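Summary of structural features
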Amino acid sequence: MYLEFQGCKFGARCIHKHFFEEILSFEMSQFGHVSAVNLRGQSNLNNLWSSQSWRCYCLDGKMNTLSFASSDAMGRKLKSPSANAFMTRSRKDVPPLKVVCIDYPRPEIESTVNYLEASYLSSTFRNSPRPNKPLKIVIAGAGLAGLSTAKYLVDAGHKPILLEGRDVLGGKVAAWKDDDGDWYETGLHIFFGAYPNVQNLFGELGINDRLQWKEHSMIFAMPSKPGEFSRFDFPGVLPAPLNGIWAILMNSEMLTWPEKVKFAVGLLPAIIGGQSYVEAQDGITVKDWMRKQGIPDRVTDEVFIAMSKALNFINPDELSMQCILIALNRFLQEKHGSKMAFLDGNPPERLCMPIVDHVTSQGGEVRLNSRIQKIELNKDGSVKNFVLNNGSTVEGDVYVFATPVDILKLLLPEDWKEIQYFQKLDKLVGVPVINIHIWFDRKLKNTYDHLLFSRLYS
Ligand SMILES: Cc1cc2nc3c(=O)[nH]c(=O)nc-3n(C[C@H](O)[C@H](O)[C@H](O)COP(=O)(O)OP(=O)(O)OC[C@H]3O[C@@H](n4cnc5c(N)ncnc54)[C@H](O)[C@@H]3O)c2cc1C
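The structure reproduced in this document is the subject of the present report. Per-chain numbering applies: the sequence of each chain, read as written, is numbered from 1 onward. Owing to the predicted nature of the model, reporting of local features is limited to residues with pLDDT of at least 70; listing and counting of side-chain atom pairs is limited to 80 or more, with chain, interface and lining totals taken over all residues.

1. Digging into the environment of Ser 392
- The helix count covers DSSP runs of H or I at least four residues long, the strand count covers runs of E at least two residues long, and both are numbered beginning at the N terminus. By secondary structure assignment, the location of Ser 392 is in the loop between β18 (383–388) and β19 (393–394).
- Residues Ser 392 and Ser 370 lie 22 residues apart in sequence; the distance between their C-alpha atoms is 9.4 Å.

Shown next, in the form of structure tokens:
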């Protein structure tokens, strides 16, 4: 029996919760988005072992290499994940389940120019001379930006105090455990090969093995054939950009040949001109750029609406083409740029806690339930302190804001509103996003252990 879990962007994370509860005796939440095989069934297993790189986890307690924590280990208590995390539901009539997770091999990203640059920059923090007087740096917001800021500051010998308003780490990658023990995440989060700083961070934290790499493909739900998917497969043998071009050329369901040619020709300036061409496209929306290339609106609606929403949660007639091209350009320049990995569990424990451990082990602090309510200023207009929700104040030598822009706009002191630099904030507007988890009561047909692009017309 081969059972799959999958993450569907926009649709939801689809986990066959009740289906499993009927047949199997384990806590669904332990698996996030992995694939499971009941080894007693043995079907297809030999083929799967031979074709891919696998890791095996057993639920009988003998081979428990993944460690997920109990729900409240994240958040308030800031505990490290417990080692004894796998739980089984006691059902006498159900045999012990063994689970196998598919992992495609980690791509060779460490040798890319971007990764080497990120790795070098990060090493300069560690290798710089220690400051005579470490700075006390107060950081607002323990999302990935605030957490990584704190990480690199302790590496450079400073003393960050990271203040998080909520009782959970991670911000937009936060997650919560329900009474059944299932994790609710703030959306599916993909870690691309083209993220040199993030990939380097995982490496430095020693948690590369928590990334589960998927097939090098982009898979789209087809509007004209509900329930069916169309794939863009990037062949491993070809270098970039040929692997991407091949993926586009070989897809016969989403693009006709004239559309493929027009799109490829449209992308040539980005491939040749690089970043300067990409930046020059900022004034034009995705929809208009496509029209300019002679690509029909159907393609925008079927392919680029999904990409626009994936990147910015807005439609192609609102999104700057620069955003799409930044992503596409990285994908076209780097062989593994568009390769995707999922985190092997909930982000607060599997990613944020290792950062917190690193920060606190080197003298930094991370405080939850510490919402900044006011930025108090000195007479000269510099920051005097942050006033928290409980009335206390936190003072530092330097202050960093790593919250969404809307929060900073709300907290901006009156005196600063006149400053031109801060006036630019007016143009930055947040996009509200709702994330829906759907628990299906049976196995879905045509499922993939991958990100599935889809779209809603609204
Ligand atoms: C549904 C969804 C799916 C996504 N998928 C992907 C993906 O697949 N790949 C990808 O690369 N990116 C993805 N993203 C984007 C990515 O998650 C974010 O860019 C990133 O997590 C933002 O991190 P951040 O630290 O900048 O901000 P945030 O995560 O927003 O962190 C800000 C923190 O500040 C805290 N805060 C706010 N106000 C205060 C205050 N007054 N005092 C103290 N603390 C405060 C908040 O509670 C929060 O913890 C996705 C985003 C969403 C919403």
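2. Some remarks on the site of the ligand
- What makes a residue near a molecule or strand is its C-beta atom, placed from the backbone, lying within 6 Å of it. Every one of the 26 residues lining the ligand counts as a neighbour, but Gly 141, Gly 143, Ala 145, Gly 171 and Gly 187 are closest to it.
- By residue class, the composition of the shell around the ligand is 12 nonpolar, 10 polar and four charged. Residue polarity is assigned by list, with Asp, Glu, Lys and Arg as charged and Ala, Val, Leu, Ile, Met, Phe, Trp, Tyr, Cys and Pro as nonpolar; anything else, Gly included, falls into the polar class.

3. Let's talk about the nonpolar core
- In terms of nonpolar packing, the biggest core is built from 35 residues, with Ile 139 and Leu 162 touching the most fellow members.
- Per-element tally for this core: the top contributor is helix α11 (residues 347–361), with six residues.
- Contact criterion: two residues are in contact if their C-beta atoms, reconstructed from the backbone, are within 7 Å. Beyond its immediate stretch of four places on either side in the chain, Ile 139 contacts Gly 146, Thr 149, Ala 150, Pro 160, Ile 161, Leu 162, Leu 163, Val 400 and Ala 402.
- Membership of the second largest hydrophobic core comes to 31 residues, among which are Phe 232, Leu 255, Ile 295 and Met 307. Joined through C-beta atoms within 7 Å, a set of buried Ala, Val, Leu, Ile, Met, Phe, Trp, Tyr and Cys residues constitutes a nonpolar core. Think of it as a crowd count around each C-beta: if 20 or more other C-beta atoms lie within 10 Å the residue is buried, if 12 or fewer it is exposed, and in between it is partly exposed, with C-beta placed from the backbone throughout.

4. Digging into helix α7 (residues 257–280)
- End to end, α7 covers just 28 Å across 24 residues, shorter than the expected 34 Å (1.5 Å per residue, more than 12% under).
- Along α7, the helix axis deviates most sharply at Gly 274, where the bend reaches about 130°.
- Buried within α7 we find Leu 267, Ala 270 and Val 278.
- Each element contacted by the buried residues of α7 is listed here: α10 (321–333). Here the expected span of a helix is defined as 1.5 Å times the quantity of residues minus one. Bend angle per residue: angle between axes fitted to the 7 residues ending at that residue and the 7 residues starting there.

5. Quick word on the sheet that holds strand β11 (residues 190–192)
- Being paired, for any two strands, means DSSP has found at least two bridges between them. The strand order β11-β15-β12 describes an open sheet built from three strands, whose pairing is antiparallel. The two strands at the open ends of the sheet, each matched to only one other strand, are β11 and β12 (211–213). Shown here is a sheet whose adjacent strand axes are inclined to one another by a mean of 40°, direction ignored.
- Bridging between β11 and strand β15 (residues 340–343) involves three bridges; their strand directions are antiparallel. For every element, the axis is a line fit to its C-alpha atoms; helices are fit only across the contacting stretch, and the angle between N-to-C directions ranges from 0 to 180 degrees.

Any link to function would need more than the numbers given here.
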